[in-house]
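Take a look at the letters that make up each chain.
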Amino acid sequence: GQNIDQPTEMTATEGAIVQINCTYQTSGFNGLFWYQQHAGEAPTFLSYNVLDGLEEKGRFSSFLSRSKGYSYLLLKELQMKDSASYLCAVRDSGAGSYQLTFGKGTKLSVIP
Amino acid sequence: SAVISQKPSRDICQRGTSLTIQCQVDSQVTMMFWYRQQPGQSLTLIATANQGSEATYESGFVIDKFPISRPNLTFSTLTVSNMSPEDSSIYLCSCGGGYNEQFFGPGTRLTVL
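Not measured: the values here are computed from a predicted model. (Residues numbered from 1 in each chain as written. Chains lettered and ligands numbered in written order. Predicted model: local features only at pLDDT ≥ 70, side-chain atom pairs only at ≥ 80, totals over all residues. Heavy atoms only, no water.)

Glancing now at the overall build of chain B. The helix and strand tally for chain B stands at 0 helices and 11 strands. Reading chain B from its N terminus to its C terminus gives the helix and strand order β-β-β-β-β-β-β-β-β-β-β. For chain B, whose C-alpha radius of gyration is 13 Å, the value lies close to the compact-globule estimate of 13 Å for 113 residues. Considered along the principal axes of its C-alpha atoms, chain B spans approximately 40 × 25 × 25 Å. By the burial criterion, 50% of the 113 residues in chain B qualify as buried. (Helix = DSSP H or I, 4+ residues; strand = E, 2+ residues; numbered from the N terminus. Rg over C-alpha atoms; globule rule 2.2 N^0.38 Å. Buried < 20%, exposed > 50% of the residue type's maximum accessible area, 1.4 Å probe, protein only.)

As structure tokens, then:
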């Protein structure tokens, strides 16, 4: 089974940097995903990590440490439109498995 | 990336009725997934749908309540049967665009009265 933890809510200021943490305990591991979800909309894919280290994609970066069962999503130069829920999801290691287990999400509020 | 559409986008249904949700992908995909997101909650996987075989259901979900069809590599349906207010939720279709990507449809917002 999978257990995924992330903070429930965070608040940050426009233009600042925020780090959203995710820890997981899983029976198997084959990748970690981050999604952004605005209220009333479907999740939007942000990043994928399967090896340790940092993946950078514009203002967003994602980090993974498999030995620690830990990931974070880093958002730089925050904009008001970044106010959303951020979902951490882990993929199991079953052969050919694509299914994801999601954390409860972190609701980020960006304030002026 | 894969583009996924769902129909209907929302519906209001009476208790005891059934609703079939359609999911269409713009490219052929091996695996499609159906998730549920209850109000204020994260996503929960209902089942995995592979073309040409029976869907695989997660714990707590059964075929009689959530029958799934997967007639080809671009299409799937999920039926929510004998609905009750507890089934009010957003139902999302998902597929893998590649091993390092997974995309979601826009969701179907279901309200059961």
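What follows continues from the structure just given.
Before going further, it helps to spend a moment on the interface of chain A and chain B. Of the residues lining the interface, 19 residues belong to chain A; the matching set on chain B comes to 21 residues. Across the interface of chain A and chain B, roughly 1,700 Å² is buried in total on both sides, 56% from carbon and sulfur atoms. One can count 0 salt bridges joining chain A with chain B. The tally of links between chain A and chain B comes to 4 residue pairs in polar contact (both at pLDDT 80 or more). Going through the elements one at a time, strand E4 (32–37), strand E5 (44–49), strand E9 (84–91) and strand E10 (100–102) of chain A are the ones with two or more residues in the side of chain A that touches chain B. Here the element with the most residues in the side of chain A that touches chain B is E4 of chain A; it accounts for 3 residues. (Contact = heavy atoms within 4.5 Å. Buried area = accessible area lost by both parts, 1.4 Å probe. Salt bridge = Lys/Arg side-chain N within 4 Å of Asp/Glu carboxyl O. Polar contact = N/O pair within 3.5 Å; in protein donor to acceptor, adjacent residues only side chain to side chain.)

This part covers the side chain of Ser 88 of chain B. Residues and elements named next belong to chain B. One can find Ser 88 in the loop between strand E8 (75–80) and strand E9 (89–98). Taking the relative accessible area as the measure of exposure, Ser 88 reaches 18% and is therefore buried. For Ser 88, the side chain forms a polar contact with the main-chain oxygen of Pro 85, separated by 3.0 Å. Among residues more than four places away in sequence, those in contact with Ser 88 are Gln 38, Pro 39, Leu 110, Thr 111 and Val 112.

Residues and elements named next belong to chain B. Pairing is antiparallel across the open sheet formed by 4 strands, whose spatial order is E1-E3-E8-E7. Each end of this open sheet is capped by a strand with a single partner; those strands are strand E1 (4–7) and strand E7 (68–72). For this sheet the average axis-to-axis angle between neighbouring strands, irrespective of direction, equals 15°. Here E7 pairs with E8 via 3 bridges, running antiparallel. When the sheet's bridge partners are listed, Ser 69 is paired in E8 with Thr 77. (Pairing = 2+ DSSP bridges. Axes fitted to C-alpha atoms, helices over the stretch in contact; angles between N-to-C directions.)

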